[in-house]
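# Summary of structural features
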Amino acid sequence: MKKFDYYQPETLKEAFSLMEKFKGRAKYVAGGTDLIVRIKQKVIQPGALISLRGIDALKSIRHNGGLSMGSMTLIRNMERDAVITRDYPALKQAVSVLANPQIRNVATVGGNFCNSAPCADCAPPLLVMEAILMIDGPGGTREVPVDDFFKGPGENCMDSVEILKAIKVPDIRNPKFKTGMAFLKTGRVAQDLAIASAAALVSMDGKICRECRLAAGSVGPIPLRLRRAEKLVKGEEITPELLEQVGKTVEQEVSPITDIRSTEEYRRLVTGVMIRRGIGQAIGMVNGEL
Amino acid sequence: MKKTINFILNGHEVSAEVESHKMLLQVLRDTFGLTGTKEGCGMGECGACTVLVDGMNIDSCIFPAFEVHGKSVTSIEGLLGEGNRLHSIQESFVEKGGVQCGFCTPGMIMSAKALLDETPNPEDGEIRKGISGNLCRCTGYVQIIESVKDAAVRRTE
Ligand SMILES: Cc1cc2nc3c(=O)[nH]c(=O)nc-3n(C[C@H](O)[C@H](O)[C@H](O)COP(=O)(O)OP(=O)(O)OC[C@H]3O[C@@H](n4cnc5c(N)ncnc54)[C@H](O)[C@@H]3O)c2cc1C
Ligand code: FES
Ligand code: FES
């Protein structure tokens with residue numbers, strides 16, 4: 001492994017000025033479960049790493065009606081968080097099948113987003129929850145809707161100096177309607193990187209679906225929001241025939257590739273199935289069946 | 001870049017000058033001569049290098065050594081039963097045939113320890129999940145799961 005320097009700033013300001021000093025030769029590191037592995041595989045060779053572990057401003061989970069997670073929140077701590085377990089079960093499911101205990105004990109939610117892999121497990125649930133990303137730079141903070149964050153495999157809307165500070169999830173409980181959500185993942189073995197993943201959120205007014213949000217991972221260059229399929233469901237009664245149609249639409253709406261993990265064709269089919277099941281589970285949650 | 005890091009290693013305060021690109025695994029094996037912790041893949045996949053940092057099991061092959069400053073690290077050498085005997089988890093592994101070639105064993109036992117510290121009476125599914133970051137090429141896992149079950153019983157006795 002090529003040598004690199006390792007800096008441990010304690011404030012965001014310090015981190016920005018270190019990053020500015022190294023101009024493109026340095027990388028931020030959170031848990032390092034993506035970054036250190038890529039360095040060891042010689043995919044990247046940064047001259048310096050700037051660790052975000054010592055910055056207190058990035059650490060806490062706050063529940064203030066909604067949910068605000070500092071970017072350095074450990075996947076493990078999300079898995080054990082009582083409010084996430086109760087109110088955001090799709091996110092709970094995603095973090096409990098992300099990798100294995102050793103990885104969950106160091107990996108962060110910010111790293112999962114900033115790594116910007118199409119298979120990032122936190123992305124589909126946070127897409128359907130319409131999370132807001134708080135991004136900090138030397139010039140101040142900006143808020144980016146999760147929809148606008150991902151730009152391509154490994155690419156996002158942040159410049160190299162900026163730091164993802166927190167992820168905010170609005171209170172998804174709707175006073176008028178009942179909301180349910182689900183996350184599903186298909187891997188070669190449990191806890192493997194996803195062949196495909198899917199998240200669904202529905203708000204029901206009796207039998208009528210008032211709000212439907214769908215997202216899928218590992219089936220395009222970025223984690224995808226599936227708006228064409230959503231439109232079929234919104235305002236409708238969800239029947240088996242409608243779900244059939246939703247599945248077909250999803251198969252067309254995603255744009256997967258064939259790689260070592262799976263084929264394009266299988267990914268299309270399985271995502272259609274998972275979205276259908278995800279909607280079913282979300283409705284089950286509304287009806288108190290889960 | 002070099003720095004002196006101070007941390008607690010298997011219950012003792014230690015200090016070492018380490019290079020900034022070193023991972024905890026190298027420091028344990030090369031600086032402290034604690035070769036119980038193994039390197040399998042070196043890429044965070046197999047768990048052979050598992051140790052506890054502040055009680056949590058982590059893959060030491062991808063954990064930057066600088067990050068253990070001020071923390072507590074427990075490796076397999078730090079497990080000790082009463083009267084200088086094997087730790088009860090180790091005894092269970094010996095008795096239930098949880099060890100074959102032994103390469104995965106130190107990491108497997110550290111994950112078992114982290115699991116049992118948090119969940120003293122795990123169900124089968126919890127044991128499987130708890131050791132899911134540790135690969136074993138020999139046993140087929142059945143004896144390992146039996147070992148962890150046995151260890152749970154011993155510890156609550
Ligand atoms: C064995 C194994 C299995 C895995 N399985 C899964 C899986 O099932 N599902 C899954 O989604 N992922 C999986 N991963 C990938 C990885 O563990 C996750 O993506 C994890 O959440 C990354 O977080 P991290 O803190 O380790 O990120 P790091 O590796 O520290 O960082 C990742 C990238 O984001 C940047 N970055 C991190 N934090 C910030 C920030 N706050 N601001 C700006 N930039 C930042 C870094 O510069 C780097 O480029 C797996 C990895 C391994 C090794
Ligand atoms: S050697 Fe660390 S996970 Fe394989
Ligand atoms: S006993 Fe040989 S790898 Fe597990």
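Residues numbered from 1 in each chain as written. Chains lettered and ligands numbered in written order. Predicted model: local features only at pLDDT ≥ 70, side-chain atom pairs only at ≥ 80, totals over all residues. Heavy atoms only, no water.

## Remarks on the sheet that holds strand E4 (residues 61–64) of chain A
Residue and element names in this part refer to chain A. Spelled out, the test is: Strand pairing requires that DSSP identify at least two bridges connecting the strands. We count a stretch as a helix when DSSP gives it H or I for four or more residues in a row; a strand needs E for two or more, and each element gets its number in order from the N terminus. For helices, the axis comes from a line fit to the C-alpha atoms of the stretch in contact; other axes are also lines fit to C-alpha atoms, and the angle between any two N-to-C directions lies between 0 and 180 degrees.
As summarised here, the arrangement of the 5 strands in space is E4-E5-E10-E6-E7, forming an open sheet in which the pairing is antiparallel. Here the strands that pair on one side only, and so sit at the sheet edges, are E4 and strand E7 (140–145). Strand-to-strand twist across the sheet, computed as the mean angle between neighbouring axes with direction ignored, equals 20°. Strand direction decides the pairing type here: E4 and strand E5 (residues 66–70), joined by 4 bridges, are antiparallel. Within the sheet, the bridge partner assigned to Asn 64 lies in E5 and is Gly 66.

## Some points on the domain arrangement of chain B
Residue and element names in this part refer to chain B. How we decide: Where each domain starts and ends follows an automatic or database-derived domain assignment. The contact criterion used throughout is that any non-hydrogen atoms of two residues lie within 4.5 Å. The term buried area means the drop in 1.4 Å probe accessible area that two parts suffer when joined, counted for both and summed. Throughout this description, the term salt bridge denotes a Lys or Arg side-chain nitrogen within 4 Å of a carboxyl oxygen of Asp or Glu.
Assigned domains of chain B: these are domain 1 (2–79) and domain 2 (82–156). Here domain 1 and domain 2 have C-alpha centroids that lie 21 Å from each other. Opposite the 17 residues of domain 1 that make contact, domain 2 presents 14 residues. Counting each side, the surface lost to burial between domain 1 and domain 2 is near 1300 Å², with a carbon and sulfur contribution of 68%. Its largest share of buried area at the contact with domain 2, domain 1 owes to Leu 52, Ile 76 and Leu 79, together 41% of the area lost on that side. In this assembly, domain 1 and domain 2 are joined by 0 salt bridges.

## Focus: the confidence of the model for chain B
Interpretation of this model should avoid reading the predicted coordinates in detail wherever pLDDT is low. Note the cut-off: Known as pLDDT, the predictor's confidence for each residue is given on a scale from 0 to 100.
Taken residue by residue, chain B gives an average pLDDT of 96. The fraction at 70 or more is 100%. Taken over the whole predicted complex, pTM reads 0.97, whereas the ipTM for its chain interfaces reads 0.97.

## Brief notes about the nonpolar core
All names here are of chain A. For the record, the criterion: Put simply, buried Ala, Val, Leu, Ile, Met, Phe, Trp, Tyr and Cys residues joined by side-chain atoms within 4.5 Å make one nonpolar core. Only protein chains enter the area calculation, which uses a 1.4 Å probe; residues under 20% of their type maximum are buried, those over 50% are exposed, and those in between are partly exposed.
Residues Tyr 88, Phe 113, Leu 126 and Met 129 are the most contacted members of the largest nonpolar core, which totals 73 residues. In this structure Phe 113 touches Cys 122, Ala 123, Leu 126, Leu 133, Val 146, Phe 149, Phe 150, Asn 156, Leu 164 and Ile 167, once residues within four positions along its chain are discounted. Counting residues in hydrophobic clusters, the runner-up holds 29 residues, among them Leu 242, Val 270, Ile 279 and Val 286.

## Structural notes on the interface of chain A and chain B
This is how the line gets drawn: Any pair of nitrogen or oxygen atoms within 3.5 Å is treated as a polar contact; in protein, a donor-acceptor pairing is required on top of that, and neighbouring residues in sequence qualify only through side-chain atoms on both sides. By the convention adopted, Pro, Cys, Tyr, Trp, Phe, Met, Ile, Leu, Val and Ala count as nonpolar, Lys, Arg, Asp and Glu as charged, and the other residues, Gly among them, as polar.
Tallying the contact residues gives 28 residues for chain A and 29 residues for chain B. Both faces considered, chain A and chain B share a buried interface measuring about 2400 Å² in area, 54% of it formed by carbon and sulfur atoms. On the chain A side of the interface with chain B, the three residues burying the most area are Tyr6(A), Lys40(A) and Gln102(A), jointly 27% of the side's total. Between Lys129(B) and Glu79(A) there is a salt bridge; the shortest N-O distance is 3.2 Å. At the surface where chain A touches chain B, the tally comes to 17 residue pairs in polar contact (both at pLDDT 80 or more). When contributions to the side of chain A that touches chain B are tallied by element, the ones reaching two or more residues are strand E1 (5–7), helix H2 (35–40), helix H3 (75–79) and helix H6 (101–104) of chain A. The leading source of residues in the side of chain A that touches chain B is H6(A), at 4 residues. Taken together, the residues of the side of chain A that touches chain B sort by class into 10 nonpolar, 9 polar and 9 charged.

## Considerations on the site of ligand 1
Note the following rule: Whether a residue is near a molecule or strand is decided by its heavy atoms; if any one of them lies within 4 Å of it, the residue is near. For accessible areas, the Shrake-Rupley method is used with a probe of radius 1.4 Å. Any residue's cover is judged against the shown protein chains and nothing else.
The local shell around ligand 1 holds 34 residues, among which Tyr28(A), Ala30(A), Thr33(A), Asp34(A) and Thr108(A) are the closest. Near ligand 1, residues from chains A and B are present, making the site a shared one. Contact between ligand 1 and Thr33(A): an oxygen atom at 2.6 Å from a side-chain N or O atom of the residue. In this structure, Thr108(A) approaches ligand 1 through a side-chain N or O atom, which is 2.6 Å from an oxygen atom. Compared with its free state, where it exposes 990 Å², ligand 1 has 93% of that area covered by protein. Those elements giving two or more residues to the shell around ligand 1 turn out to be strand E2 (26–29), H2, helix H7 (109–114) and strand E10 (163–169) of chain A. For the shell around ligand 1, the per-class residue count stands at 16 nonpolar, 11 polar and 7 charged.

## A short note on the side chain of Asp150(B)
Residue and element names in this part refer to chain B. Structurally, the position occupied by Asp 150 is in helix H5 (residues 142–156). Residue class for Asp 150 comes out buried when judged on its relative accessible area of 17%. Among the polar contacts listed, one links the side chain of Asp 150 to the side chain of Arg 154, at a separation of 2.8 Å. In this view, Asp 150 contacts Ser 92 and Lys 96; residues no more than four positions away in its chain are not counted.

## Some details on the pattern of salt bridges
What the rule picks out here adds up to 27 salt bridges over all chains. The shortest N-O distance in the salt bridge between Arg104(A) and Glu79(A) comes to 3.1 Å. You can see Arg104(A) sitting in helix H6 and its partner Glu79(A) sitting in helix H3, a full 25 residues away along the chain. A single burial state applies to Arg104(A) and to Glu79(A), both of which are buried. Its salt-bridge partner being Arg80(A), residue Glu118(B) comes within 2.7 Å of it at the nearest N-O pair. Within this pair, whereas Glu118(B) is found in helix H3 (residues 105–118), its partner Arg80(A) is found in the loop between H3 and helix H4 (82–87), the two belonging to separate chains. Given the relative accessible area of 39%, Arg80(A) is considered partly exposed.

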